[in-house]
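Next come the chains, spelled out residue by residue.
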Amino acid sequence: FLMGATQALQGVWGTVWTAGMAPADQKAMWMGLGAVSAGLGTGIGTSVAGYGTANGLPYWVAFSVSGVVLCLLWVLLLFFPARWLTVQSEDDDGATELIHAEESSQADGQDTTLCNRVYLWT
């Protein structure tokens, strides 16, 4: 029960965020990547927790492993060049547009982190 309750909001809001923020011509790919990553995370997390507790480790070890992995991935993301986080999108009229995370959020006058259109990486 606890596992489902903790993942329910992430599944719903992750899908809502992706549907609202993904470029129209890449929305299906983004939704697919979100679904695959959620499934992999759930499977790997359950395996680590199950293996650890079955072998006498306390339950908090699984949370610690998860936290360390997420922190390492976040630090790695800090070193990605900005050009890797640029998305090419087509408008409704067929015009091609480059959407860059920093440019789109600065144009709106909001924080780059909160409005990053490629926040999917995290």
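Positions within a chain are numbered from 1, following the residues in the order the chain's sequence is written. Reporting of local features is limited, given that this is a predicted model, to residues whose pLDDT is at least 70; pairs of side-chain atoms are given and counted only at 80 or more, and all residues count toward the totals for whole chains, interfaces and linings. Heavy atoms throughout the structure, all of them, feed into the side-chain values; hydrogens and water do not.

### Remarks on the overall build of the chain
Going by this rule: Numbering of helices and strands starts at the N terminus; helices are DSSP runs of H or I of at least 4 residues and strands are runs of E of at least 2. Burial status follows relative accessibility: with a 1.4 Å probe on protein chains alone, a residue under 20% of its type maximum counts as buried, one over 50% as exposed, and anything between as partly exposed. Residue contacts follow a heavy-atom distance rule, with two residues in contact if any of their heavy atoms lie within 4.5 Å. The protein chains shown are the only cover counted for residues, whose accessible areas, like all others here, come from Shrake-Rupley with a 1.4 Å probe.
In terms of regular secondary structure, the chain is built from five helices and two strands. The buried share of the chain, reckoned over its 122 residues, is 16%. Taking the contacts inside the chain whose residues are at least 6 apart along the sequence as the reference set, 42% of them involve residues at least 24 apart. Carbon and sulfur atoms form 67% of the exposed surface of the chain, whose accessible area is close to 9,000 Å².

### Section: the side chain of Thr-18
Relative to the helices and strands, Thr-18 resides in helix α1 (residues 2–21). Setting aside chain neighbours within four positions, we find Thr-18 in contact with Trp-30 and Met-31.

### A few points about the packing of aromatic side chains
Stated formally: Only rings of Phe, Tyr and Trp enter the pairing, Trp through its six-membered ring, and a pair is recorded when the two centres are within 6.5 Å. The plane angle decides the type: under 30 degrees is stacked, over 60 is edge-to-face, the rest tilted.
For the coordinates displayed, the defined rule picks out one aromatic pair. A centroid spacing of 6.3 Å and a plane angle of 90 degrees characterise the contact between Tyr-59 and Phe-63, whose relative ring orientation is edge-to-face. For Tyr-59, a relative accessible area of 59% corresponds to the exposed category. Judged by its relative accessible area of 61%, Phe-63 is exposed.

### Notes on the confidence of the model for the chain
Stated precisely, the cut-off is as follows: Values of pLDDT, the confidence the predictor places in each residue, fall between 0 and 100.
The pLDDT averaged across the chain works out to 76; a share of 70% of its residues lies at or above 70. Across the chain, the secondary-structure element scoring lowest on mean pLDDT is helix α4 (residues 101–108), at 46, and the one scoring highest is helix α3 (residues 60–78), at 91. Contacts of residues 101–110 to residues separated by more than four positions or lying in other chains number twelve contacts, the stretch itself having pLDDT below 50.

### Overview of a nonpolar patch on the surface
Operational definition: Here, patches come from residues exposed beyond 30% relative accessible area and free of salt bridges, joined within 9 Å for like charges and within 5 Å for nonpolar side chains (Val, Leu, Ile, Met, Phe, Trp, Tyr). A side-chain nitrogen of Lys or Arg and a carboxyl oxygen of Asp or Glu constitute a salt bridge if their distance falls within 4 Å.
A contiguous nonpolar patch, built from Val-36, Leu-40, Ile-44, Val-48, Val-65, Val-69, Leu-70, Leu-73 and Leu-76 and spanning about 800 Å² of accessible area, is present on the exposed surface. Listed by contribution, the elements that provide at least two residues to the nonpolar patch are α2 (27–54) and α3. Among the elements that make up the nonpolar patch, the one with the highest residue count is α3 (five residues). Structurally, the position occupied by Leu-76 is in helix α3. By relative accessible area, Leu-76 is classed as partly exposed at 47%.

### Observations regarding the environment of Ala-62
Assignment of secondary structure puts Ala-62 in helix α3. When residues no more than four places from it in sequence are discounted, the contact partners of Ala-62 are Val-48 and Ala-49.

### Focus: the environment of Pro-23
Counting through the fold element by element, Pro-23 comes out in the loop between α1 and α2. Judged by its relative accessible area of 7%, Pro-23 is buried. Each C-alpha atom, one on Pro-23 and one on Val-87, is 8.1 Å from the other, the two residues being 64 residues apart in sequence.

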